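If you want the building blocks of each chain, they are given just below.
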Amino acid sequence: MTLSSVISIRDKGAIDLLHSLLKQGVSVRLRVSGRSMQPFLNGGEVVEIAPYGMQGVRHPRIGDIVLFCNPQGNPLLHRFLWRRLHNKKIHLQTKGDACASCDTPVPVDQVLGYVRQIIFTNHTVDLQTLRMRLTAYTVTTRTIVLLLLQKANYHLFTKQQLL
């Protein structure tokens, strides 16, 4: 597949096609738009989205960049931070690396796939190598710590205002 055979997601029909292909076990390539994953993805890169259940990856792993649709139906590529139980269903907590806050929790069955590799003109970066998995885990850990510090600072600020 060449870089020119990349599809673009613009409407519900394209999202439905993407979902159907991934359910059938077919990996797809998409060009990233937006800047919510900076500095990891800056927009313009081509990524290969793979379905879970293929090549030994059976379920979302912490640090994965997952593809899902937000409540408005827009497709997003954001990092998976942790799992949580919500209304007796497993949900994934996700966040764009450059975003200030987390996304609405995503039911695990609504995750379409994950970014397996980033494809550049002259090379490919496989995100499943040990080095890249460790990088993803490090970024995720940093994000969680920053979210906890942000929450602690908020509570400390609120208590000081009450005094």
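Residues numbered from 1 in each chain as written. Predicted model: local features only at pLDDT ≥ 70, side-chain atom pairs only at ≥ 80, totals over all residues. Heavy atoms only, no water.

### Examining the side chain of threonine 140
On the secondary structure map, threonine 140 appears in helix α2 (residues 130-162). With residues up to four places along the chain from it excluded, the contact list for threonine 140 reads Ile62, Gly63, Arg79, Phe80 and Leu81. (Helix = DSSP H or I, 4+ residues; strand = E, 2+ residues; numbered from the N terminus. Contact = heavy atoms within 4.5 Å.)

### Re the environment of glutamine 24
Here glutamine 24 is to be found in the loop between α1 (12-23) and β1 (28-31). With relative accessibility at 59%, the residue glutamine 24 sits in the exposed group. Spatially, the C-alpha atom of glutamine 24 lies 8.5 Å from that of proline 51, the residues being 27 residues apart in sequence. (Buried < 20%, exposed > 50% of the residue type's maximum accessible area, 1.4 Å probe, protein only.)

### What about the pairing of strand β7 (residues 113-119)?
The element β7 is extensively covered by neighbouring structure, given that seven of its seven residues are classed as buried. With two bridges connecting them, strand β3 (residues 65-69) and β7 associate as antiparallel partners. What sits directly across from leucine 67, in β7, is glycine 113. Summarising the sheet, β7 and strand β8 (residues 124-126) pair through three bridges and their orientation is antiparallel. Looking at β8, one finds that glutamine 117 is bridged to aspartate 126. Here β7 folds back onto β8, and the loop between the two strands holds four residues. (Pairing = 2+ DSSP bridges.)

### A few points about unusual backbone geometry
Residue proline 39 follows glutamine 38 across a cis peptide bond; omega there is 0 degrees. Relative to the helices and strands, proline 39 is located in the loop between β1 and β2 (46-50). At asparagine 87, a position not held by glycine, the phi torsion is positive, near 55 degrees. With respect to the element layout, asparagine 87 can be found in the loop between β4 (75-86) and β5 (89-95). Not every positive phi belongs to a glycine, and lysine 88 is a case in point at roughly 65 degrees. Position of lysine 88 among the secondary structure elements: in the loop between β4 and β5. Residue class for lysine 88 comes out exposed when judged on its relative accessible area of 81%.

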